[in-house]
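# Examining the three-dimensional arrangement
The lines below spell out each chain.
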There are 2 protein chains.
Amino acid sequence: MKIGLLGLGTIGSGIYEHLKRRDDIEVVRILELLRHPGLEHLETSDYNEILNDPDIDTVVELIGGLEPAHTFTVQALKAGKNVVSANKLMISHHMEELLTLAKENGVQYRYDASVGGSIPFLYNLMRYRGADDLQSLSGIVNGTTNLILDVMQREGRGFDDVLAEAQKLGYAERNPAADVDGIDAECKLCIASAVAFQKYVKPEDVDTEGIRHIAAGDIIHFKQMNRVCRLLVNAAKNPDGSIRAYVEPTLVPADAMEAAVHMNNNTISVVGEYCGLHTFQGQGAGKDPTAFAVELGLRDIMDGVTARLNPIPEGYAAVDNRQARHAYYLRTSAHPGVPVEKLGDCEGSAAYLTEPMSVSEMHALAKDLRDKDPRLFFAGIRD
Amino acid sequence: MKIGLLGLGTIGSGIYEHLKRRDDIEVVRILELLRHPGLEHLETSDYNEILNDPDIDTVVELIGGLEPAHTFTVQALKAGKNVVSANKLMISHHMEELLTLAKENGVQYRYDASVGGSIPFLYNLMRYRGADDLQSLSGIVNGTTNLILDVMQREGRGFDDVLAEAQKLGYAERNPAADVDGIDAECKLCIASAVAFQKYVKPEDVDTEGIRHIAAGDIIHFKQMNRVCRLLVNAAKNPDGSIRAYVEPTLVPADAMEAAVHMNNNTISVVGEYCGLHTFQGQGAGKDPTAFAVELGLRDIMDGVTARLNPIPEGYAAVDNRQARHAYYLRTSAHPGVPVEKLGDCEGSAAYLTEPMSVSEMHALAKDLRDKDPRLFFAGIRD
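Please read these numbers as outputs of a predicted model, since none were measured by experiment.

## What to know about the packing of aromatic side chains
For any pair of aromatic rings, the description rests on two quantities: the centre-to-centre distance and the angle between the ring planes. All names here are of chain A. What the rule picks out here adds up to 20 aromatic pairs over all chains. With a centroid separation of 4.1 Å and an interplanar angle of 25 degrees, the aromatic rings of Tyr47 and Phe72 are classed as stacked. Of this pair, Tyr47 sits in the loop between strand E3 (43-44) and helix H2 (48-51) while Phe72 sits in helix H3 (residues 69-78), and the two are 25 residues apart along the sequence. Assessed through its relative accessible area of 5%, Tyr47 is described here as buried.

Dropping the structure here:
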């Protein structure tokens, strides 16, 4: 197998090192704007040198972001090259186009590494197809926010303080928006749902709330409730054939499995009619784990991935979060406008417990109330 | 694919029902001593009717126990039939013979369902081969004992009381020895180690301690230590190329992942140089989960399992548990004979904390002390 590698950042250099150990996979060209000592003979800034090289059968796309990753991937698939990628943002926005193009051109598009890094979640979901009917999935798929929540809960520190430390240690990006606003988790939820339920999910249909506004005072209330806050993704089949899909901070019981997921680890679960609840845990990001996952994707292609392991969803899911209902923790200085029980004061606001209400109702309410209280925070309460 | 099914007990009837949904796999003969209404045309008490039927390409062995399961499996492999089994006792004792026979006869022997039921642990370990170097594995692989420990810890009840209830509800067998003495876990550890480290492990080389002697009084001490007791299997590479392999009750911190594994669930983890710590959780037993795992094994055969997904270990591991060291909780009425700190009295005995000592030393010490105190209990302490 001869590889054209797009991007030699952290993950790219990781996969380059991993593949050097193998004699059946060779990186023959690297698309990079920078030059790296010892690799100049492989590096180019001209993508056409990869696209037009008939020896290159597979492209590993590690550029990240929507463009030019999307255009390069489309071109590679049309040129009859397999593509392996961990780019969740791009995949979640172009999944239908890319899987269809791959099928039309008789090549593979492997994106196992895009959800959960090295955790073989997507691969196993694909493997279960046909032997089970998957009902729901949920989990912690963003390591940065889990680290922040875990440290806040265990050390009683504030959000800004912990975020700044995470940035200093390299666990959070300088612009943390994609992580702390739940966008990264939302992309992963769309991809995982498409694999589990075989219907594409549009990112804009997902109700998404991040953790940007959580405060140390909130944590005090969570502890009194014997609960722990985690940023969870959730998707499930509704009885009428639509699906529910949302991302929100969630208060789980202190002895729940998710409460024992510490630092920047990930956990993701699926429920099947036959297999029951299956949970996969591990490092969701990082150089070696992600490179490991990309390498497995390349080997799957060499082994001849079956149709079962590369399902093509049919059409788009109707997303309806009005059918998902639970109580919420709500901390705001505004008047809630829905029936609540007051838990106490909290950092100049008041903390409330709502009655069970739908996910779509709560996310809409928060949007309204933020006109008066931009720092409002809420979290779903899970039994 | 045409199946000869050996045994129509709980799992056997589960797999029969699951396979009825498929048009690519058909059960054409069932070896059973009893007759089941509507299935008489498939049932036989004569194994030769399966063995000598050239239409049957695959045998699903769900008899359990060493014999006649072992003899039947050997005969099937020699007759050029694939075999799928969940029989951990038999596999752990005959793994080398069965895998070698399968290879020699150009057929597959699939045993994914033997460790962790539906949890795809063995399958993923096999898939990681060549892409990572696995260092260690550990976990909770026996649901019955986990249920007993979890209920004892949460409700403060005694062992006999909880065991009796578990037996009444069908979670424990009438003869619970294989579960509560750690034998079932030991078998699974041998199989998982062979896959992870590619060296067979003899059950008799494993230091194994069960939970038969745990008392409600012990749990009080664990709570004071802010710890939870779980029956863990452990295996890891020693620096000198030998491996450590042992089964023992283990006190984990109350916020550890294993402490959040409740009731009869299983969890099993592996550490790789690249992938880091990967954990798999789910139902380790039961009709539907096990049938699901057997069905996946059958599909793997139909898909053409690659050599990578069916590795043949080379030779036997040298097991050396002198190189694994940690402190122990020890409750006995005998004089410990090793340096200890007394924690307090406990059900007519005394509870102690030992200094770090080797696993082989502790298991040998317990054997000695049981001459004086048959009800002695000990548990490793994990950081």
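## Quick word on the domain arrangement of chain A
Residue and element names in this part refer to chain A. Domain boundaries assigned for chain A yield domain 1 (2-110) and domain 2 (124-284 + 318-381). Here domain 1 and domain 2 have C-alpha centroids that lie 33 Å from each other. Taken together, the contact between domain 1 and domain 2 spans nine residues of the former and 10 residues of the latter. Approximately 800 Å² of surface area, both sides summed, lies buried where domain 1 meets domain 2, with 79% of it carried by carbon and sulfur atoms. Looking only at domain 1, the three residues that lose the most surface to domain 2 are Lys88, Ser92 and Met95, adding up to 60% of its buried area. Applying the counting rule to domain 1 against domain 2 returns one salt bridge. Salt-bridge contacts for Asp184 lead to Lys88; the nearest nitrogen and oxygen are separated by 3.6 Å. At the surface where domain 1 touches domain 2, the tally comes to zero residue pairs in polar contact (both at pLDDT 80 or more). With eight residues, helix H4 (residues 88-104) is the largest single contributor of residues to the side of domain 1 that touches domain 2.

## As for the interface of chain A and chain B
Tallying the contact residues gives 40 residues for chain A and 40 residues for chain B. Taken together, the two surfaces of chain A and chain B that pack against each other cover about 3400 Å², and 49% of this comes from carbon and sulfur. Across the contact surface, chain A and chain B share nine salt bridges. Between Asp255 of chain B and Arg154 of chain A there is a salt bridge, with the nearest N and O atoms lying 3.6 Å from each other.

## A few points about empty space enclosed by the protein
By the definition in use, this model includes two cavities of 30 Å³ or more. In this structure, the largest cavity occupies an estimated 80 Å³ of space. Forming the walls of the largest cavity are Arg127 of chain A together with Asp112, Gly117, Ser118, Ile119, Pro120, Phe121, Leu122, Tyr123, Phe292, Ala293 and Leu296 of chain B. Within the residue set of the lining of the largest cavity, elements represented by two or more residues are helix H5 (121-128) and helix H11 (287-303) of chain B. Its residues assigned to classes, the lining of the largest cavity comprises eight nonpolar, two polar and two charged. Counted as a void, the second largest cavity has a volume near 60 Å³. Around the second largest cavity, the lining residues are Asp112, Ala113, Gly117, Ser118, Ile119, Pro120, Phe121, Ala293 and Leu296 of chain A together with Arg127 of chain B.

## A look at a nonpolar patch on the surface
A cluster of nonpolar residues, Leu66, Leu89 and Ile183 of chain A, forms a patch on the protein surface that exposes about 200 Å² of accessible area. Topologically, Leu66 of chain A is positioned in the loop between strand E4 (58-61) and H3.

## Some details on the relation of the copies chain A and chain B
Once chain A is rotated about the relating axis by 180 degrees and shifted along it by 0.0 Å, it coincides with chain B to within an RMSD of 0.0 Å. Put plainly, the chains are arranged around a two-fold axis. Residue Phe280 of chain A, judged by its C-alpha, is the member of chain A lying nearest the rotation axis, at 2.4 Å. Taken as a fraction of all interface residues of chain A, those also at the interface in chain B reach 100%, which identifies the copy contact as same-surface.

## Structural notes on helix H7 (residues 159-168) of chain B
Residues and elements named next belong to chain B. When we look at burial in H7, the residues that qualify are Phe159, Val162, Leu163 and Ala166. Looking straight down H7, one finds its buried side chains confined to an arc of 100 degrees; they lie on one side. More than 90 degrees from the buried face of H7, the exposed residues found are Asp160 and Lys168. Buried residues along H7 sit in contact with helix H6 (143-155) and helix H8 (177-180). Of the residues flanking the end of H7, it is Gly170, one or two places downstream, whose phi is positive at about 85 degrees.

## Describing the nonpolar core
One broad rule of soluble globular proteins: the nonpolar side chains tend to lie buried together. Tyr109, Tyr111 and Ile214 of chain A together with Tyr109, Tyr111, Phe121 and Ile214 of chain B are the most contacted members of the largest nonpolar core, which totals 174 residues. Ranked by size, the runner-up nonpolar core spans 22 residues in total, among them Met1, Leu39, Ala291 and Ile301 of chain A.

## What about the sheet that holds strand E2 (residues 26-31) of chain B?
Residues and elements named next belong to chain B. Strands sit in the order E3-E2-E1-E4-E5-E6 across an open sheet of six strands; the sheet is parallel. Bordering the open sheet on either side are strand E3 (43-44) and strand E6 (109-110), each of which pairs with just one other strand. Relative to E6, strand E5 (residues 82-85) runs parallel, the two sharing two bridges. Each bridged residue has a counterpart across the sheet, and for Val83 the counterpart in E6 is Tyr109.

Calculation rules
Residues numbered from 1 in each chain as written. Chains lettered and ligands numbered in written order. Predicted model: local features only at pLDDT ≥ 70, side-chain atom pairs only at ≥ 80, totals over all residues. Heavy atoms only, no water. Phe/Tyr/Trp six-rings, centres within 6.5 Å; stacked < 30°, edge-to-face > 60°. Helix = DSSP H or I, 4+ residues; strand = E, 2+ residues; numbered from the N terminus. Buried < 20%, exposed > 50% of the residue type's maximum accessible area, 1.4 Å probe, protein only. Domains from an automatic or database assignment. Contact = heavy atoms within 4.5 Å. Buried area = accessible area lost by both parts, 1.4 Å probe. Salt bridge = Lys/Arg side-chain N within 4 Å of Asp/Glu carboxyl O. Polar contact = N/O pair within 3.5 Å; in protein donor to acceptor, adjacent residues only side chain to side chain. 1 Å grid on protein atoms, 1.4 Å probe; cavity = no way out; pocket = protein on both sides within 12 Å on 5 of 7 lines; lining within 4 Å. Points joined across faces, edges and corners; volume = space filled by probe spheres on them. Nonpolar A, V, L, I, M, F, W, Y, C, P; charged D, E, K, R; others polar. Patch = residues over 30% accessible without salt bridge, like charges linked within 9 Å, V, L, I, M, F, W, Y side chains within 5 Å. Areas by Shrake-Rupley, 256 points an atom, 1.4 Å probe, with all protein chains shown as cover. Least-squares fit on C-alpha atoms with pLDDT ≥ 70 in both. Arc of directions from axis to C-beta. Core = buried A, V, L, I, M, F, W, Y, C linked by side-chain atoms within 4.5 Å. Pairing = 2+ DSSP bridges.

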